[in-house]
Amino acid sequence: EPAANPPSSQPATSLSPRWPSIFPKPPVTQPLVVIPRTLRPPPHRIPLQNTLVTDEQIGQAIRAGVDIFLSQFADGQLKHSPSDSRYAGIDFLCVYALMQCGQAINDERLDVRGKLMKDLLAKMKQLPPHASCETYTRGIRATALAVYNRPEDRQALKADLQWLLNAPNDGGYTYSANSHGNSDNSNSQYGLLGVWAAAEVGVEVPQTFWTRVQRYWQNCQLSSGQWDYTTNTQGAGRLSMTAAGLTSLFVTHDYLDAPLFGKEVGRPPFSKSLAAGLDYLETADNCLDIGTRYPGYTLYGLERVGLASGFKYFGSHDWYPELAASILIPPNAMLNPKTLDNLRDNAANQLSADDLIDTAFSLLFLARGRHPILMNKLRFDGSWANRPRDVANLTRFASRELERPLNWQVVPLNRDWNDWLDSPILYIASHQPQKLTDAHLAKLRSFVEAGGLIYSQADGGSPSFTTFITDLGRKLFPAYEWKDLPATHSIYTLNYKIDAPPPLRCLTNANRILMLHSPNDLAQHWQLRAEKTKRPSFELGVNLFIYAAGKTDLRNRLNSLYLPPLAVDPTFRIRVARVEYRGPWDPEPHAFVRFSRWLEYQTAYRLQISPVFIEHLRPAFWPIAHMTGTAQFTPSETQLASLRRYVEDGGVLLIDSCGGNPEFDQSIAALLQRAFPNLKPTPLPPDHPLFTAKAPGMDPLPTPRLRPGSHQLLPKIQILSAGKGHILYSPLDLTTALLGTNTHGIQGYHPTYARSLLKNLLLWTTDGAKDTIN
């Protein structure tokens, strides 16, 4: 039966000023109807939509490919065939693919300290390259030996490097040494990659080598911005060779041109040759035209240029998932289930050279592109890349220091904000204020509310850009004020102690940092690769990443936290009130948005969420209510009476301290004592229905799971029963966990535990909130 209108959930004049909320207010005239308690239908899962390829699929394909390769090398012996000049290089390519796969999946067999991989590396060093394919063979072997840079491999690495330094003819290579003008761009790429790998692990390379190589690639570029296989053609280019040219010029850029960007601002970020090649890749569907002849070879080349440039998009194409789909999706893809089954069937015998080559390159593409993203750098009109190699060099440092390969990305401002969620950090740098539309502001706000952190810096120490960022923060988050980051903040001590911390400004919601700004040009040191003389700047960058990502397992590239809204009709609706009061009642406005979508995917049930002032809570309209905060809160007597009436009339009130805030925790303890002076909350028993999952759709939660670093001795969830209802209170955070992020410093439950607990609570309440379920 329609009920009389409850008191309006519109804010009373006396309760202003308002804190920001993403929840729309219903019109004052909209009636709310008492919904009788009904049996909920059985829950069922809804598949995640709009996903081209998942990280799980990529992991499965890598593992399947590894199994096939290891069946070829199970005895630690390479499958070299003296009658085929290519086979030493193919063996080396397969071992290199296994090494890279070992950094992308957890597989003890691929541990470089284990017997199998040690044997394969030892055999690889002993096997002499065939003279007719020596450039490929030595280039690939040098690249493989540099992956772990083991002391026992240095002599072999230096020997390959010396051959590669002596082999080129005016910066270009062919199959063997000293070819006198017969260079080709395929050999030239692999020869350079071997030299580059050795240089990256500290083996000295003459500066003149980089100069000759850069001149070689610039001279053989076509007017279209492409490259072809040979150096003297003016015909159509090839995508594989265009990727080779771009990767090679990015390598030489790092050794020749990057220092020029260390002090100046306003320079174009790329040379004319690099810009022309990138323009070609960003045009139409050019980056997807991998062809049918050695497609794995082309894919690996594209992965190289994608990681070198950092570009998440080539034009309109998100190249990694789109090209990964070409490897994984049936019927014709190289690593789809049918193809993998055929490879397994043939693995008892020697796999063909073509099978080995394409599978190895495909595994390299998937493995190297899968790594977590350190930072996303925002690309916009104007000087977005005064320091074009800053994040690339920081990522290189962080990968080495954390012993975990990481990637970095450049993301366009004109893309949707959820495309930026591959990384917890969005990096904005320039020396000039930018013109941002309301749509741009909405994107930036949404990214941060979804758990992201905006890190910005004033290139060249530009005061005008610092003013721009300060104003931007006020527009995005008007409820919060900029402050100096305290010298005691964990960003200065997390992994490295920064003895002389640089000044940083921050904007926080008293739970986590939303925006962090450096008025000084710290990225200048990253650009110049000044790891020895300016090491604290690199250490600070790593600390910032650990703060945003958390001290936990890192998310792989495609393991996004974003959940798209569902277009299907729900099978059941659950009404939830978000308790509103004067103060920071909604510090993480995206938490329940994301949780409600997750719940719908899990159960096909939809939440109807309303912000409701304390005075207006009624269990007939909102059987469950949630309350949180990040600051001291002292309710009035009227509010206490409303809360008491809500619970005694049958409502279930969940309260958590957002972030584990001690001030809010103390306020709630006082609130409970004032509202229920004759009752005391008690720990929720382990056999309570919220933990035992005896009702359909609930998850078993036998053991509480906390975030890394959360205080194990803090009180766990407590329950207070009064009249027909209950209050459940958690001094540990549940709200932030619903974002799915692992921001450091939050005292609370792990995201997976928190969302399952809240799901259980909703279903328990819907089923009647009984203390026992038979």
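Now for a look at the structure at hand. Treat the numbers as computed from the prediction; the structure is a model and nothing was measured.

### Quick look at the packing of aromatic side chains
Tallying each qualifying case throughout the model produces 28 aromatic pairs. With centroids separated by 6.3 Å and ring planes inclined at 70 degrees, the aromatic side chains of tryptophan 217 and tryptophan 227 adopt a geometry described as edge-to-face. Within this pair, whereas tryptophan 217 is found in helix 7 (residues 207-219), its partner tryptophan 227 is found in the loop between helix 7 and helix 8 (239-256), the two being separated by 10 residues in sequence. On the basis of relative accessible area, tryptophan 217 is assigned to the buried category, the value being 0%. Note on tryptophan 227: relative accessible area 0%, which makes it buried. With a centroid separation of 5.8 Å and an interplanar angle of 70 degrees, the aromatic rings of phenylalanine 621 and tryptophan 622 are classed as edge-to-face. Summarising the burial analysis for this pair, phenylalanine 621 and tryptophan 622 share the class buried. Cluster of aromatic residues (ring-pair linked, three or more members): Phe250, Phe270, Phe311, Phe314, Trp319, Tyr320 and Phe365. Here the guanidinium or amino end of arginine 267 rests over the ring plane of phenylalanine 261, the centre of that ring lying 4.8 Å away.

### A few points about helix 4 (residues 134-148)
Between its first and last C-alpha atoms helix 4 spans 23 Å; for 15 residues at 1.5 Å apiece the expected length is 21 Å, and the two agree. Most of helix 4 is tucked away, with 13 of its 15 residues classed as buried. Once helix 4 finishes, asparagine 149 follows within two positions and takes phi at roughly 50 degrees, a positive value.

### Some points on the packing of helix 1 (residues 55-72) against helix 13 (residues 353-369)
Where helix 1 meets helix 13, the closest approach of the two axes is 10 Å, and the angle between their N-to-C directions is 145 degrees. Where helix 1 crosses over helix 13, the two elements pack in a sense that is left-handed. Along the contact surface, helix 1 presents Ile58, Ala61, Ile62, Gly65, Val66 and Phe69, while helix 13 presents Leu356, Thr359, Ala360, Leu363, Leu366 and Ala367.

### Points about the pairing of strand 9 (residues 513-518)
The buried fraction of strand 9 is high, at 6 of 6 residues. The sheet contact formed by strand 6 (residues 453-458) and strand 9 spans 4 bridges and is parallel. Across the sheet, the residue bridging to serine 456 is histidine 517, located in strand 9. As defined by bridge partners, strand 8 (residues 505-508) adjoins strand 9 across 4 bridges and the pair is classed as antiparallel. The partner of arginine 505 across the bridge, within strand 9, is histidine 517. In textbook terms, the turn of a hairpin is the stretch between consecutive antiparallel strands, and for strand 8 and strand 9 this stretch comprises 4 residues, one of which, alanine 510, has a positive phi near 70 degrees.

The rules we used
- Residues numbered from 1 in each chain as written.
- Predicted model: local features only at pLDDT ≥ 70, side-chain atom pairs only at ≥ 80, totals over all residues.
- Heavy atoms only, no water.
- Phe/Tyr/Trp six-rings, centres within 6.5 Å; stacked < 30°, edge-to-face > 60°.
- Helix = DSSP H or I, 4+ residues; strand = E, 2+ residues; numbered from the N terminus.
- Buried < 20%, exposed > 50% of the residue type's maximum accessible area, 1.4 Å probe, protein only.
- Lys NZ or Arg CZ within 6 Å of the ring centre and 35° of its normal.
- Expected span 1.5 Å × (residues − 1).
- Axes fitted to C-alpha atoms, helices over the stretch in contact; angles between N-to-C directions.
- Left-handed = near helix turned anticlockwise from the far one by under 90°.
- Contact = heavy atoms within 4.5 Å.
- Pairing = 2+ DSSP bridges.

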